[in-house]
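Structural description and commentary
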Amino acid sequence: MIRNKSAFTILEAIMVIVVVGFFSAGIAPFMWQLVESYKLIAGIQETSASAKMALEWMTREIREIRTKGGTFSSYLDIDTAEASDFKFTKADGTSVEYRLAGDVIYRNSDILAEKVSSLSFDYRDSDNNTLSPLPLDSYNRKKIHHIVVSVGFNIKEETYTVRSYVVPRDIIMQ
C-alpha cells in the first residue's frame, strides 16, 4: 500500500492550525489582561512622576520664601494662603503663585502639572496647629511656620496622594 505523502502533510497542517487556534483562544484573555495591566501601570507611573515633580518644584520654592518684619518679629512674606491657592515672595524678590484650576496646577501662568485631582496647602504654626479659617487673614499669615503640601491624582477610580512637609529656610535659620 502506497500512501499519498502530500495528503498526509495537508492533514497534519490542518491539525496544527486547529491546535494553535485552540491554544490562541485560550491564551488571548490572559494576554489581554497583561496588556491592560501594563497600560494601567504605565499611566500610574506617568501621572505619579508628574505629581511628584510638581510637588518637588513647589517644595523647593516654598523653602525660599523670604521673611519680613523687624529684629524681634519676622514673618513670612505671604500674600495669599488659601486651600488650593498660595502666593508668596521668594528671597530673590520673585512673586510665585501656585493654584489649582480644573485638573491643572499652575505656577503663576505656567502649567506645572496636569491630570491632578487635588492640590491642598495646610498652614501650620510653630506648635504644629492648623491655622484657619481659610483664606488666612494677614494676622494668621504672620503665624505660618510650615506648610504641608498635598497633590492628589486619580487613575482608574483610585486616588493617590503625594505630600510634603515644608519649613522655609529663613524659619530654620531663626
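Reference entry: report on the structure contained in this document. What you see is a predicted model; the values in this text were computed from it and never measured.

**Overview of the nonpolar core**
The biggest cluster of nonpolar side chains holds 32 residues, and the ones touching the most others in it are Met58, Ile62 and Phe121. Of all the secondary structure elements, the ones that give two or more residues to this core are helix H1 (5–62), strand E3 (78–81), strand E4 (85–89), strand E5 (95–101), strand E7 (110–113), strand E8 (118–124), strand E9 (146–155) and strand E10 (158–166).

**With respect to the packing of aromatic side chains**
Overall, the coordinates contain six aromatic pairs when judged by the stated rule. With a centroid separation of 5.6 Å and 20° between ring planes, the pair formed by phenylalanine 153 and tyrosine 160 is classed as stacked. Residue phenylalanine 153 is classed as buried on the basis of its relative accessible area, which comes to 2%. Given a relative accessible area of 30%, tyrosine 160 falls into the partly exposed group. Here the aromatic cluster, defined as three or more aromatic residues joined through ring pairs, consists of Phe86, Phe88, Tyr98, Phe121 and Tyr123. Cation over ring: arginine 60 sits above tryptophan 57, and NZ or CZ is 5.0 Å from the ring centre.

**As for the sheet that holds E7**
In a beta sheet, neighbouring strands are held together by backbone hydrogen bonds and run either parallel or antiparallel to one another. If you trace the five strands from one edge of the open sheet to the other, you get E3-E4-E5-E6-E7, paired in antiparallel fashion. A strand with exactly one partner marks an edge of an open sheet, and here the two such strands are E3 and E7. For this sheet, the mean angle separating the axes of adjacent strands, direction not counted, is 20°. Note: E4 against E5, five bridges, orientation antiparallel. Among the inter-strand pairings, phenylalanine 88 is bridged to a residue of E5, identified as valine 96.

**A few points about the sheet that holds E10**
Across the sheet, which stays open at both edges, the three strands sit in the order E8-E9-E10 with antiparallel pairing between neighbours. Because the sheet does not close on itself, it has two edges, and the strands there are E8 and E10. Averaged over all adjacent pairs, the angle separating strand axes in this sheet is 15°, with direction ignored. Sheet topology note: the E8/E9 ladder contains seven bridges and is antiparallel. Bridged to arginine 124 within E9 is histidine 146.

So, how was this worked out
Residues numbered from 1 in each chain as written. Predicted model: local features only at pLDDT ≥ 70, side-chain atom pairs only at ≥ 80, totals over all residues. Heavy atoms only, no water. Core = buried A, V, L, I, M, F, W, Y, C linked by side-chain atoms within 4.5 Å. Buried < 20%, exposed > 50% of the residue type's maximum accessible area, 1.4 Å probe, protein only. Helix = DSSP H or I, 4+ residues; strand = E, 2+ residues; numbered from the N terminus. Phe/Tyr/Trp six-rings, centres within 6.5 Å; stacked < 30°, edge-to-face > 60°. Lys NZ or Arg CZ within 6 Å of the ring centre and 35° of its normal. Pairing = 2+ DSSP bridges. Axes fitted to C-alpha atoms, helices over the stretch in contact; angles between N-to-C directions.

Treat this as a map of the structure, not an account of what it does.
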